[in-house]
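Now for the letters of each chain:
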Amino acid sequence: MNAEIIAVGTELLLGDTINTNAAFLSQELASLGINVYRHTVVGDNMTRLKSAYSEAFARCDLVITTGGLGPTADDITKEAAAAYFGLDMELDDNSLANIAAFFARIGQKMTENNRKQAIFPTGAKILDNFAGTAPGCIIEANGKICILLPGPPGEMKAMYSHHISDFLAQFSTGILFSRTLHMVGIGESAMEQRVADILAEQSNPTVAPYATGRPGETILRISAKAADQAAARALIDPVANLLYQRLGDYIYGEDDATLAGTVVELLKQRGLTLAIAESITGGQLAGAIVDVPGASAVFNEGVVTYSNEAKTRSLGVLPDTLRKYGAVSPQVAEEMAAGAAKTAGANIAISTTGIAGPDGGTAQKPVGLTYIGLWFNGRCQAKELRLFGNRQRIRQRAVSHALDMIRKELSNI
């Protein structure tokens, strides 16, 4: 079965809201072996929404919409669907009672326009909303299926789990199963060169590089179509083993893994504690570690020493070192890391110092110049980086490199 996803809402077109619903639905449909070949985003406009339905159903048999099920006049997803299928709209008394009960539970009076949320195309299967007020529905007509889900991601995911997953399972003729390899320290082009022959020869499973929102990281996804997960794994595993042979030094984890989570797990496995001293990253490195559940078992202390005075006062960086080499230097990075380890009584310490820009760079020390300092077992080392991007991207990349530096050190133990 082929499907398309239509996200409804002018706020999506204006960029005020990020369309995470389509990503979730695509992943869920892929796991059922349902092909998704197109995403459409359309504003709250009846003419354009009706056209979106017509165009989508000309290409596929299943359309899933998100958004436009609210109580206001511009929530028209159901109305446009009814117009496309030539159906009347009618009130569903059970839905109206559920909506009224929802408002009673939260101690608010239901306004008259909420009644609109209980009106559906004739013959539609109503989907109760356990997380909000807008019910969804399924329309089956003329050999086509249209599933209408609410826009808020929490409501949409809950409705999908309660109603849609089992409904769509009947159309599954197999599954698409994937393993995602997360890499750090290698760019997408360099990574692709190492596995160019694998990419060129792929069929089933397929191997594809994917963009990631994590600066400094790259992704390879291995996907196989098969009757069940065991059969898919059997197809994927030999390819994954080959990719590990080519890229193993850069692969830090799979699927839901994060770089910070990998570092925390390595620290736990080795019974070590961590201290962090930050300048350029301004707390983002410590924040990444703290985001990991259970980090308190291994993370002793983090300090942000942005000024030279703070580096001296809190970390013991020598004034002579700062005068001679400047705050952005390998010498200062090493003294920051050593000072953090001593102050926190940690087994390993990491530091960051650099020029995030957009100002402050010179010919000798350009914007993006960053040093990561690492102290472990009484030994200091510093790594020089020439990072690029805007201020935020430079700082995020520094975090990734710092975490990777810890990962590599711990992996060598």
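Just so you know, these numbers come straight off a predicted model, no measurement behind them.

Rules used in this analysis
- Residues numbered from 1 in each chain as written.
- Predicted model: local features only at pLDDT ≥ 70, side-chain atom pairs only at ≥ 80, totals over all residues.
- Heavy atoms only, no water.
- Phe/Tyr/Trp six-rings, centres within 6.5 Å; stacked < 30°, edge-to-face > 60°.
- Helix = DSSP H or I, 4+ residues; strand = E, 2+ residues; numbered from the N terminus.
- Buried < 20%, exposed > 50% of the residue type's maximum accessible area, 1.4 Å probe, protein only.
- Lys NZ or Arg CZ within 6 Å of the ring centre and 35° of its normal.
- Expected span 1.5 Å × (residues − 1).
- Arc of directions from axis to C-beta.
- Pairing = 2+ DSSP bridges.
- Axes fitted to C-alpha atoms, helices over the stretch in contact; angles between N-to-C directions.
- Contact = heavy atoms within 4.5 Å.
- Salt bridge = Lys/Arg side-chain N within 4 Å of Asp/Glu carboxyl O.
- 1 Å grid on protein atoms, 1.4 Å probe; cavity = no way out; pocket = protein on both sides within 12 Å on 5 of 7 lines; lining within 4 Å.
- Points joined across faces, edges and corners; volume = space filled by probe spheres on them.
- Nonpolar A, V, L, I, M, F, W, Y, C, P; charged D, E, K, R; others polar.
- Parallel < 35°, antiparallel > 145°, perpendicular 65-115°, else oblique.
- Left-handed = near helix turned anticlockwise from the far one by under 90°.

(A) Quick look at the packing of aromatic side chains. A complete count under the given rule lists 7 aromatic pairs for this structure. Ring plane angle 15° and centroid distance 5.2 Å describe the contact between Phe57 and Tyr84, whose orientation is recorded as stacked. Of this pair, Phe57 sits in helix H3 (residues 46-59) while Tyr84 sits in helix H4 (residues 77-85), and the two are 27 residues apart along the sequence. Residue class for Tyr84 comes out partly exposed when judged on its relative accessible area of 29%. Ring centres of Phe167 and Phe171 lie 5.7 Å apart, and the angle between their planes is 70°; on these two criteria the pair is classed as edge-to-face. A residue is classified by how much of its surface remains accessible, and Phe171, at 24% relative accessible area, is partly exposed. Here a set of aromatic residues connected by ring pairs shows up, and it is made of Tyr53, Phe57, Tyr84 and Phe85. Taking the ring centre of Phe120 as reference, the NZ or CZ of Lys78 above it sits at 4.4 Å. The side chain of Arg397 reaches across the aromatic face of Phe388, ending 4.2 Å from its centre.

(B) Layout of H3. Across its 14 residues, H3 extends 20 Å between first and last C-alpha, which sits within 8% of the 20 Å expected from 1.5 Å per residue. Burial in H3 covers these residues: Leu49, Ala52, Tyr53, Ala56 and Phe57. Taken end-on, H3 shows its buried residues confined to a sector of 115°, consistent with a single buried face. Along H3, exposed side chains directed more than 90 degrees from the buried face belong to Thr47, Arg48 and Ala58.

(C) Spatial organisation of the sheet that holds strand E8 (residues 144-149). The sheet built from 6 strands is open, its strands ordered E2-E1-E3-E8-E7-E6 with mixed pairing. The open sheet is flanked by strand E2 (35-42) and strand E6 (125-127), the only strands paired with a single partner. Strand-to-strand twist of the sheet, defined as the mean angle between neighbouring strand axes without regard to direction, takes the value 15°. Bridge count between strand E3 (residues 62-66) and E8: 5 bridges; the pairing is parallel. Across the sheet, Leu62 pairs through a bridge with Ile145, a residue of E8. Contacts from H4 reach strand E1 (2-8), E3, strand E7 (136-141) and E8 within the one sheet, and its direction differs from that of E8 by about 170°. Sheet strands touched by helix H6 (residues 153-169): E3, E6, E7 and E8. Its angle to E8, the strand with the most contacts, is close to 160°.

(D) Highlighting the pattern of salt bridges. Counted according to the given criterion, the structure contains 12 salt bridges. When the shortest N-O distance is used, the salt bridge between Glu4 and Arg59 registers 2.6 Å. Here Glu4, found in strand E1, pairs with Arg59, found in helix H3; they are 55 residues apart in sequence, far enough to count as distant. When its relative accessible area of 3% is taken as the criterion, Glu4 is described as buried. Given a relative accessible area of 38%, Arg59 falls into the partly exposed group. For Lys116, the salt bridge is made with Glu79, and the minimal N-O distance between the two is 3.4 Å. Highlighted residues: Lys116 in the loop between helix H5 (93-105) and strand E5 (119-121) and Glu79 in helix H4, separated in sequence by 37 residues. The network of salt bridges with shared partners includes Arg179, Asp237 and Glu254.

(E) Local environment of the layout of surface pockets. Roughly 1,000 Å³ of internal volume is contained in the largest pocket. Lining the largest pocket are 29 residues, and of these Gln27, Ala30, Ser178, Arg221 and Ser223 sit closest to its centre. Within the residue set of the lining of the largest pocket, elements represented by two or more residues are helix H2 (20-31), E2, strand E9 (175-184), strand E10 (206-210) and strand E11 (217-226). At 6 residues, E9 tops the list of elements feeding residues into the lining of the largest pocket. A breakdown of the residues in the lining of the largest pocket according to their chemical character gives 11 nonpolar, 13 polar and 5 charged. The computed volume of the second largest pocket comes to approximately 300 Å³. The class makeup of the residues in the lining of the second largest pocket is 7 nonpolar, 4 polar and 3 charged.

(F) Quick look at the packing of H2 against H6. Closest axis-to-axis distance for the H2/H6 pair is 11 Å, and the angle between their directions is 20°. Relative to H6, the element H2 lies roughly parallel. Between H2 and H6 the crossing geometry is right-handed. On H6, the residues touching Thr20, Asn21, Phe24, Leu25, Glu28 and Leu29 of H2 are Pro153, Met156, Lys157, Tyr160 and Leu168. Tallied by class, residues from the contact of H2 with H6 come to 7 nonpolar, 2 polar and 2 charged.

(G) Layout of the pairing of E11. With 8 of its 10 residues buried, E11 lies for the most part within the structure. By the bridge criterion, 10 bridges tie E9 to E11 in an arrangement that is antiparallel. Note that in E11 the partner of Leu176 across the bridge is Lys225.

(H) Structural detail: the environment of Ile348. Relative to the helices and strands, Ile348 is located in strand E15 (residues 348-354). Residues Ile348 and Ala83, spaced 265 residues apart in sequence, show a C-alpha to C-alpha distance of 65 Å. With sequence-adjacent residues up to four places away left out, Ile348 is seen in contact with Leu267, Thr273, Leu274, Ala275, Leu374, Trp375, Phe376, Ile406, Glu409 and Leu410.

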